[in-house]
Amino acid sequence: MPIEGSAGSRAVVPAGDDAPPGVDATSGSVGPRQLPPAWQAAIDAFVEHLELERGRRENTVAAYRRDATDLARTLAAWGIEHPAEVELLTLRRYLADLSERGYARATLSRRVATMRTWSTFLLDRGVITVDVASRLRSPAPGRHLPRVLRVDEVERLLAAPDAGTAIGRRDRALLELLYAAAARIGEVCGLDVAELDLPQRQVRLDGKGGTQRIVPLGDPAVDALRTYLALARPELQAAAASGRETAAAVFLGVRGGRLGTRDARTAVERAATAAGVGHVTPHTLRHTAATHLLEGGADVRQVQEVLGHRSLATTQRYTHLSRGRLREIHAAAHPRARRGPGDSGGS
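Only a predicted model underlies this, so the values are computations on that prediction, with no experimental measurement involved. (Residues numbered from 1 in each chain as written. Predicted model: local features only at pLDDT ≥ 70, side-chain atom pairs only at ≥ 80, totals over all residues. Heavy atoms only, no water.)

A closer look at the confidence of the model for the protein chain
Phase 1 of the analysis: Model confidence for the protein chain is summarised by a mean pLDDT of 81, while 77% of its residues fall at 70 or above.
Phase 2 of the analysis: Taken as a whole, residues 4-30 scores under 50 in pLDDT and shows 59 contacts with residues more than four places along the chain or in a different chain. (pLDDT = per-residue confidence, 0-100. Contact = heavy atoms within 4.5 Å.)

Quick word on the side chain of His49
Phase 1 of the analysis: Position of His49 relative to the elements: it lies in helix α1 (residues 37-53).
Phase 2 of the analysis: Setting aside residues up to four positions removed in sequence, His49 forms contacts with Arg54, Phe121 and Arg125. (Helix = DSSP H or I, 4+ residues; strand = E, 2+ residues; numbered from the N terminus.)

Here we look at unusual backbone geometry
What you tend to see is this: most non-glycine residues have negative phi, and most peptide bonds are trans.
Phase 1 of the analysis: Phi at Ala182 takes a positive value of approximately 50 degrees, unusual for a residue other than glycine.
Phase 2 of the analysis: Tracing the backbone shows Ala182 in the loop between α6 (166-181) and α7 (185-189).
Phase 3 of the analysis: With phi around 55 degrees, Arg201 is a residue other than glycine that occupies positive phi space.
Phase 4 of the analysis: The residue Arg201 is located in the loop between β1 (196-197) and β2 (202-206) in this model.

A closer look at the pattern of salt bridges
Phase 1 of the analysis: Applying the stated criterion across every chain yields a total of 15 salt bridges.
Phase 2 of the analysis: A salt bridge links Asp171 to Arg270, with the shortest nitrogen-to-oxygen separation between them at 2.7 Å. Taken as a pair, Asp171 in helix α6 and Arg270 in helix α10 (residues 261-275) lie far apart in primary sequence, 99 residues in all.
Phase 3 of the analysis: Judged by its relative accessible area of 4%, Asp171 is buried.
Phase 4 of the analysis: Each member of the salt-bridge network shares a partner with another, and the members are Asp67, Asp70, Arg110 and Arg111. (Salt bridge = Lys/Arg side-chain N within 4 Å of Asp/Glu carboxyl O. Buried < 20%, exposed > 50% of the residue type's maximum accessible area, 1.4 Å probe, protein only.)

Quick word on the nonpolar core
Phase 1 of the analysis: By size, the foremost hydrophobic cluster in this structure holds 50 residues, and its most contacted members are Leu157, Leu177, Val203, Leu217 and Phe251.
Phase 2 of the analysis: Those elements that provide at least two residues to this core are α5 (151-159), α6, α7, β2, α8 (219-237), α10, α11 (282-295) and α12 (300-307).
Phase 3 of the analysis: Residues in contact with Phe251, not counting those within four places in the same chain, are Arg170, Ala173, Leu174, Leu177, Val188, Leu225, Tyr228, Gly257, Arg258 and Leu259.
Phase 4 of the analysis: Ranked by size, the runner-up nonpolar core spans 35 residues in total, among them Ala45, Val86, Leu108 and Val112. (Core = buried A, V, L, I, M, F, W, Y, C linked by side-chain atoms within 4.5 Å.)

Points about the packing of aromatic side chains
Phase 1 of the analysis: Using the criterion set out here, one finds five aromatic pairs in the structure.
Phase 2 of the analysis: Judged by centre distance (5.7 Å) and plane angle (80 degrees), the ring pair of Phe46 and Tyr64 falls under edge-to-face. Taken together, the residues span a long stretch of sequence, with Phe46 in helix α1 and Tyr64 in helix α2 (residues 58-77) at a distance of 18 residues. Both residues of the pair, Phe46 and Tyr64, count as buried.
Phase 3 of the analysis: Since its relative accessible area comes to 0%, Phe46 is described here as buried.
Phase 4 of the analysis: Taken together, the ring pairs connect Trp39, Phe46, Tyr64, Trp118 and Phe121 into an aromatic cluster. (Phe/Tyr/Trp six-rings, centres within 6.5 Å; stacked < 30°, edge-to-face > 60°.)

Some thoughts on the layout of surface pockets
Phase 1 of the analysis: Each pocket or cavity is described by its volume, and for the second largest pocket that value is around 180 Å³.
Phase 2 of the analysis: Lining the second largest pocket are 13 residues; nearest its centre among them are Arg170, Gly253, Val254, Leu259 and Asp263.
Phase 3 of the analysis: Mapped onto the lining of the second largest pocket, the elements with two or more residues apiece are α6 and α10.
Phase 4 of the analysis: Looking at which element gives the most residues to the lining of the second largest pocket, the answer is α10, with three residues.
Phase 5 of the analysis: Looking at the lining of the second largest pocket residue by residue, the class counts come to three nonpolar, five polar and five charged. (1 Å grid on protein atoms, 1.4 Å probe; cavity = no way out; pocket = protein on both sides within 12 Å on 5 of 7 lines; lining within 4 Å. Points joined across faces, edges and corners; volume = space filled by probe spheres on them. Nonpolar A, V, L, I, M, F, W, Y, C, P; charged D, E, K, R; others polar.)

A word on empty space enclosed by the protein
Phase 1 of the analysis: One pass over the full model with this rule turns up two cavities of 30 Å³ or more.
Phase 2 of the analysis: Of the pockets and cavities examined, the largest cavity occupies roughly 160 Å³.
Phase 3 of the analysis: As for the largest cavity, its lining consists of 16 residues, and the residues nearest its centre are Pro83, Val86, Leu91, Ser119 and Leu122.
Phase 4 of the analysis: Of all the elements in the fold, those that place two or more residues in the lining of the largest cavity are α2 and α4 (105-124).
Phase 5 of the analysis: Among the elements that make up the lining of the largest cavity, the one with the highest residue count is α4 (four residues).
Phase 6 of the analysis: Its boundaries defined by the atoms lining it, the second largest cavity holds a volume of some 30 Å³.
Phase 7 of the analysis: Taken together, Asp67, Ala68, Leu71, Tyr94, Arg111, Thr114, Met115 and Trp118 form the lining of the second largest cavity.
Phase 8 of the analysis: Counting residues per element, the ones that place at least two in the lining of the second largest cavity are α2 and α4.
Phase 9 of the analysis: In terms of residue count, the dominant contributor to the lining of the second largest cavity is α4 (four residues).
Phase 10 of the analysis: Partitioning the lining of the second largest cavity into residue classes produces five nonpolar, one polar and two charged.

Put into structure tokens, the structure is as follows:
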């Protein structure tokens, strides 16, 4: 796909009081909905490259598109109308702006990865002459651990949706599956009916990088899914304009199409509000499920398999035990955790 424009002069983003009129200099929130032609062409070519040449999955491509579009809108609002005008300081300012707006370090790291990939592509296509993004450093990983719900909080959350409505039954099944399978929200939204094996109490999930895994399900999740599929999903499917998409999808939206990740997140937040358990995201449920598995005695490698992590180190960072629980396990399992009858404790 041809990309309009050529490499030209470079510009450093204005900061603080020097920001252009109409741009919020503190938040950096952007800007024109209609992008300059050079930026739009660069995004379209990048997305086409990811889809056709690199064969990236739909959710991955969508994430790259969102990241690239946010960067382009921000920089366009700062008066930068062509990718060739971007300098390293521009990108650093953009990352600083995201940090000031409260974005997590993991999100900033993903944005850096997007900028590097996109910049390399534009260099290869001759749109830019210097790959400035290659010099960006990802933010140092933080020590923050996601919140873990107590068992009673999980029970209140799962019971919160209204079982008398189609949406309530769908949300109950969605929550049960997220917790039972420790699944990512994209995996659940992308799930097809054929990937559910309720008689065997298991589900096949499509994970990152095209990997698949089979995860067992407990009776509550199986029961919620059966109720949803029998009573609620046909009602939602009747609202669909075309049955081709909904014939496969497990979870449907109010208009009958496949449930999107944004609406699924909203469903989780709605249930959390109703249950009075504070702010909960799908990732909260995933981390909670993994932690509860460990606290219940599961081996970390078993949890790795459930989560679909390629590296055991990822699972070890992702899950944790409370100090009290760790001491309890150590006292029960370690042969020298307690003094024997003849031990005096002296040196």
